[in-house]
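Take a look at the letters that make up each chain.
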Amino acid sequence: MSYKFIFILLLLTAGSTARAAAGPGYPQDSIYKDMKRVADWQWKQVDTHGWADDQKDWTNGVLYTGMTAWARLSGNKTYERLIGIGKENHWQIGKNRFFADDYCIGQTYVQLYEIYQDPDYIRDFKSMADSLVQIPHSEPLEWVNKIHLREWAWCDALYMGPPALAYLTQVTGDQKYLDTAVRLWWKSSRHLYDDQEHLFFRDSRYFEQKEKNGSKVFWSRGNGWVIAGLARLLSTMPDSNPEKGPLVKQYRELAKRIISLQQSDGSWHASLLNPEAYPSRETSGTALFCYALSWGINTNTLSYDDYYPAVSKAWNALRSAVLPDGKLGFVQPKGASPDVVNEESTDVYGVGAFLLAGTEMLKMELSKQPDVVLVNVNNPTSALQNARRVNVSWSQIVLKIKGATQKNLRVVNALTGKEAPFKIEHQGGEVSLTFQTPIPAGNQQYWLIKRS
């Protein structure tokens, strides 16, 4: 499969009062620096203490999803580490072939394949997926007879499995993987989704359980897995797909319910309906919610004005949970239901979710700046683009930056502050601003066209 260099022009509103009223934004360098501190701390932990779990385990699989997103911003060293992990794993998924936890790592394999085009990266995962799509999946989803090894019978699976299959459709063009992901999503949803509460049970063992306050048991991170997995699934689906509309409807129902349960400090506690019983913030669920909701704003699936206050508070809660050395605290340990957590609690999946949230927050904060044109320059290939030429329509610039002239504009890298020289060119009656930038393999850069 061949790829062409892609750049996407993101047009910004000229300082709408609604956005200004939503609250102060976070400087983009602050978001980037927080992400870097957390990512660097996690790699240092691995280098110093080794892996706490098998490198193919779901915990690390979730870490890699965040690190893959971080790699697009941070450069090739992160890609090199992820490729090194793939090689150590011989590009294999976990030993339980149809267990969604054991093929969560397929998400990273596929995303690396999309850049580097090495068939070894996806050979084992694709082999499993080719078998998975042929299984009738007719078993009921009650939590008996190790059903989780064959079906998506617990809500966590909706993050681990569907995106991996959907990404496989993206890189192969074969619709069967996405179709299977959607079909099995709805099977799990019919089993686990509470239509009255607009939340997901973790699995059938919790249908009749109650919290001490009499409420139903709805686990924060469990519902985080669901809405984050749904965002990743939706990101692969064209609008023409007839299943997209119903999935968007469910996503919006979840989003509306989730922000109604946000605590005053911006976080979500381990139990969604009995937060008082678990009074500490919980960062893995909070990060998954922050990621999924900010993705919704960035894709215009959710209203900026309605949801920005919630995601802004959520990111602030996450940032405040990062210790001075870069350790992300308040991550609930592995489990299946609400549990206690403290400042020292951490795990790799929390870091992965934090990095995912940061990438969407960065894009959102950049895109809301008034009187600025944001240009996202993306290199999806495995080759360094030494001098990529970028063209931006002058008519779009003057639409967003009133009174713009060649003399009063700057083109600035949003993360480094480096300026790029530019020209105003006239071709065939069209006028454009052009500049050049080197961009490494698999990376994206944010450039701002703004007043001097």
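Predicted model, so just to flag it, every value in this text is computed and none were measured. Counting of residues starts from 1 at the beginning of each chain's written sequence and follows it residue by residue. Only residues with pLDDT of at least 70 are given local features in this predicted model, and only at 80 or more are side-chain atom pairs given and counted; all residues enter the totals for whole chains, interfaces and linings. Working from all heavy atoms in the structure, the side-chain values ignore hydrogens and water.

Asker: Looking at this model, I keep getting lost on the sheet that holds strand β7 (residues 422-427). Mind explaining?
Answerer: Pairing between sheet strands relies on hydrogen bonds along the backbone, with the strands arranged either parallel or antiparallel. When DSSP finds at least two bridges between two strands, those strands are taken to pair. Strands are runs of DSSP state E lasting at least 2 residues, helices are runs of H or I lasting at least 4, and numbering of each runs from the N terminus. Spatial strand order, β5-β8-β7: three strands in an open sheet with antiparallel pairing. For this open sheet the edge positions go to β5 (385-393) and β7, each flanked by a neighbour on one side alone. Strand-to-strand twist across the sheet, computed as the mean angle between neighbouring axes with direction ignored, equals 35°. Here β7 runs beside strand β8 (residues 430-439); their pairing, made up of six bridges, is antiparallel. Within β8, the residue paired with phenylalanine 422 across the bridge is phenylalanine 435. Axis geometry follows a simple rule: fit a line to the C-alpha atoms, using only the stretch in contact for helices, then measure angles between N-to-C directions, giving values from 0 to 180 degrees.

Asker: Which parts of the structure should I look at to understand the state of the cysteines?
Answerer: Linking two cysteines covalently via their sulfur atoms produces the bond known as a disulfide. The rule for a disulfide is simple: a pair of cysteine sulfur atoms within 2.5 Å. A complete count under the given rule lists zero disulfides for this structure. Cysteine 104 takes part in no disulfide bond, and the closest cysteine sulfur to it belongs to cysteine 155, at a distance of 14 Å.

Asker: I'm lost on the packing of aromatic side chains in this one. Help?
Answerer: Centre-to-centre distance and the angle between the planes together describe a pair of aromatic rings. In this analysis, rings of Phe, Tyr and Trp, with Trp reduced to its six-membered ring, are considered paired at centre separations within 6.5 Å, and the interplanar angle assigns stacked below 30 degrees, edge-to-face beyond 60, and tilted for intermediate values. One pass over the full model with this rule turns up 20 aromatic pairs. Plain terms: the ring middles of tyrosine 304 and tyrosine 308 are 4.9 Å apart, the flat faces sit at 5° to each other, and that makes the pair stacked. Separated by four residues within a single helix, tyrosine 304 and tyrosine 308 lie in helix α14 (residues 304-320), roughly one turn from each other. By the burial criterion, tyrosine 304 is buried, and tyrosine 308 matches it. Taken together, a centroid distance of 5.3 Å and an interplanar angle of 50° make the contact between phenylalanine 435 and tryptophan 447 tilted. Of this pair, phenylalanine 435 sits in strand β8 while tryptophan 447 sits in strand β9 (residues 444-451), and the two are twelve residues apart along the sequence. Burial classes follow relative accessibility: with a 1.4 Å probe on protein chains only, a residue under 20% of its type's maximum area counts as buried, one over 50% as exposed, and anything between as partly exposed. With a relative accessible area of 3%, tryptophan 447 lands in the buried category. Site record: aromatic cluster; members linked through ring pairs are Tyr79, Trp91, Tyr109, Tyr116 and Tyr121. Look at NZ for Lys and CZ for Arg. If either is within 6 Å of the ring centre and within 35 degrees of the ring normal, a charge sits over the ring. Stacked on the ring of phenylalanine 330, the Lys or Arg arginine 281 has its end atom at 4.7 Å from the ring centre.

Asker: Sorry if this is basic, but what is going on with the environment of tyrosine 32 here?
Answerer: Inspection of the secondary structure puts tyrosine 32 in helix α2 (residues 28-49). For the pair tyrosine 32 and tryptophan 225, spaced 193 residues apart in sequence, the C-alpha separation works out to 24 Å. It only takes one pair of heavy atoms within 4.5 Å for two residues to be counted as in contact. Apart from residues no more than four positions distant in its own chain, tyrosine 32 is found in contact with Trp70, Leu73, Ser74 and Leu415.

Asker: Help me out: how do you make sense of the confidence of the model for the protein chain in this one?
Answerer: Parts of the prediction with low pLDDT should not have their coordinates interpreted in detail. Per-residue confidence from the predictor is reported as pLDDT, a score between 0 and 100. Scored by pLDDT, the protein chain comes out at a mean of 93, with 94% of its residues at no less than 70. Residue range residues 1-25 is modelled with pLDDT below 50. Its contacts to residues more than four positions away, or to other chains, number 72 contacts.

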